[in-house]
Amino acid sequence: MFWHKTYDMNNVLFIIVAILLFAGVIYLRCNRANIQGWFGEKNISSRLHTLSDDYVLFNDVYINVGGRSVQIDHIVVSIYGIFVIETKNYKGWIYGTDNSEYWTNNIFGNKYQFYNPIKQNYSHVWALEKLLKIPENKFIPIVVFLGGATLKCDTQGIVIYSGQLRQFILNYKMPVFSQKEVADIANILTSANNIDKSRKKAHIHSVRQGIAEKNTLIRNGVCPRCRGKLVERKGKYGRFYGCSNYPQCKFTMPL
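Basis of the calculations
Residues numbered from 1 in each chain as written. Predicted model: local features only at pLDDT ≥ 70, side-chain atom pairs only at ≥ 80, totals over all residues. Heavy atoms only, no water. Pairing = 2+ DSSP bridges. Helix = DSSP H or I, 4+ residues; strand = E, 2+ residues; numbered from the N terminus. Axes fitted to C-alpha atoms, helices over the stretch in contact; angles between N-to-C directions. Polar contact = N/O pair within 3.5 Å; in protein donor to acceptor, adjacent residues only side chain to side chain. Contact = heavy atoms within 4.5 Å. Expected span 1.5 Å × (residues − 1). Buried < 20%, exposed > 50% of the residue type's maximum accessible area, 1.4 Å probe, protein only. Disulfide = S-S within 2.5 Å.

**Q** Just checking my understanding: could you explain the sheet that holds strand 11 (residues 238–243) for this structure?
**A** Strand pairing in a sheet relies on backbone hydrogen bonds, with the paired strands running either antiparallel or parallel. Strand order in the open sheet formed by three strands is 10-11-12, and the pairing between neighbours is antiparallel. With one partner strand each, in any of the chains shown, strand 10 (230–235) and strand 12 (252–254) form the two edges of the open sheet. Ignoring strand direction, the axes of neighbouring strands in this sheet form an average angle of 35°. When strand 10 meets strand 11, the two strands line up antiparallel, connected through six bridges. The residue of strand 11 that forms the bridge with Arg-233 is Phe-240.

**Q** When you look at the side chain of Lys-88 in this model, what are you seeing that I'm missing?
**A** Mapping Lys-88 onto the fold places it in strand 3 (residues 81–89). Polar contacts involving the side chain of Lys-88 include one to the side chain of Glu-86, which spans 3.2 Å. With sequence-adjacent residues up to four places away left out, Lys-88 is seen in contact with Pro-117, Gln-120, Val-144, Phe-145 and Leu-146.

**Q** When you look at helix 3 (residues 117–132) in this model, what are you seeing that I'm missing?
**A** Helical periodicity: at 3.6 residues per turn, an α-helix aligns residues three or four positions apart in one direction. Its 16 residues give helix 3 an end-to-end C-alpha distance of 22 Å, which sits within 8% of 22 Å, the value for a rise of 1.5 Å per residue. Listing the buried residues of helix 3 in full gives Pro-117, Ile-118, Lys-119, Asn-121, Ser-123, His-124, Val-125, Ala-127, Leu-128 and Leu-132. The N-cap residue of helix 3 is Asn-116: its side-chain oxygen and the backbone nitrogen of Ile-118 are 2.9 Å apart. Remark: Lys-133 follows helix 3 within two positions and exhibits a positive phi of approximately 60°.

**Q** Sorry, what's going on with unusual backbone geometry here?
**A** Leaving glycine aside, a negative phi is the common case for residues, and trans is the common case for peptide bonds. Pro-247 follows Tyr-246 through a cis peptide bond whose omega is 10°. Locating Pro-247 in the fold gives a position in the loop between strand 11 and strand 12. Of note, the phi angle at Arg-227 is positive, near 70°, even though the residue is not glycine. Relative to the helices and strands, Arg-227 is located in the loop between helix 6 (197–219) and strand 10. Look at Arg-227 and you get exposed, because its relative accessible area is 53%.

**Q** How do you make sense of the state of the cysteines when you look at a structure like this?
**A** What makes a disulfide is a covalent bond joining the sulfur atoms belonging to two cysteines. Per the stated rule, a full pass over the model turns up zero disulfides. Residue Cys-243 stays outside any disulfide, its sulfur separated by 3.4 Å from that of Cys-226, the closest cysteine.

**Q** Even after reading the chapter, I still don't get the sheet that holds strand 8 (residues 149–151), so can you show me in this structure?
**A** With mixed pairing, the four strands of this open sheet are ordered in space as 6-5-4-8. Single-partner strands in this sheet number two, and they are strand 6 (110–115) and strand 8. Neighbour to neighbour, the strand axes of the sheet diverge by 30° on average, direction disregarded. Both strand 4 (residues 92–95) and strand 8 contribute to a ladder of three bridges, which runs parallel. In the sheet register, Trp-93 faces strand 8, and the bridge partner there is Thr-150. Contacting strand 5 (102–107) and strand 6, helix 3 runs over the sheet at an angle of about 15° to strand 6.

Dropping the structure here:
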């Protein structure tokens, strides 16, 4: 009798463990992009923490500007400028241009699209310009790739590997702010940074809703930027969709 009870208990424990493992696998698959992004941001944060105290570091910043929620991976404030850093954690080859709406991640022939990180980061700079009342020329937007990515981008923007980031920042030697201005900027960012969890959830919901609306327009052959017609074209990187209102509208996306 005792043996049967022990056997039954072992079966129950086995089933519970199996359910937990299955739930864990499902969670990891559903949240893979978020988990990769989190590890990427932690990697960059650890590199930026090696900068001296002359550089003020902000990680995972949420600000609201004009009723719009903006999330910024990293901001480094110094007398040499404000470095606005967007982190991407991908493996494989990365293709993209300045004007394309989406970039392509090619892993062993499997292609995945993601929003143009240069445009994404410029929207962060725009928000910080409005918040801080500082002109654009005092911001340095940087897109950083890690995770074994190989960059094959055709861009004028600053797109670098994570191992280059620290030295890239240190290469800026021309002061554009005083120490007092750096302190004032840091105080404004500290006050504006909204770390409330409900605000973060609202931001994520807003971003996902915007992506869904954009994808719906694209599926219907409509340019999400100007509502023109999407037409198929051919370029040096292959076939792509472009806006019929080009050159006024330069929206593009790969097929």
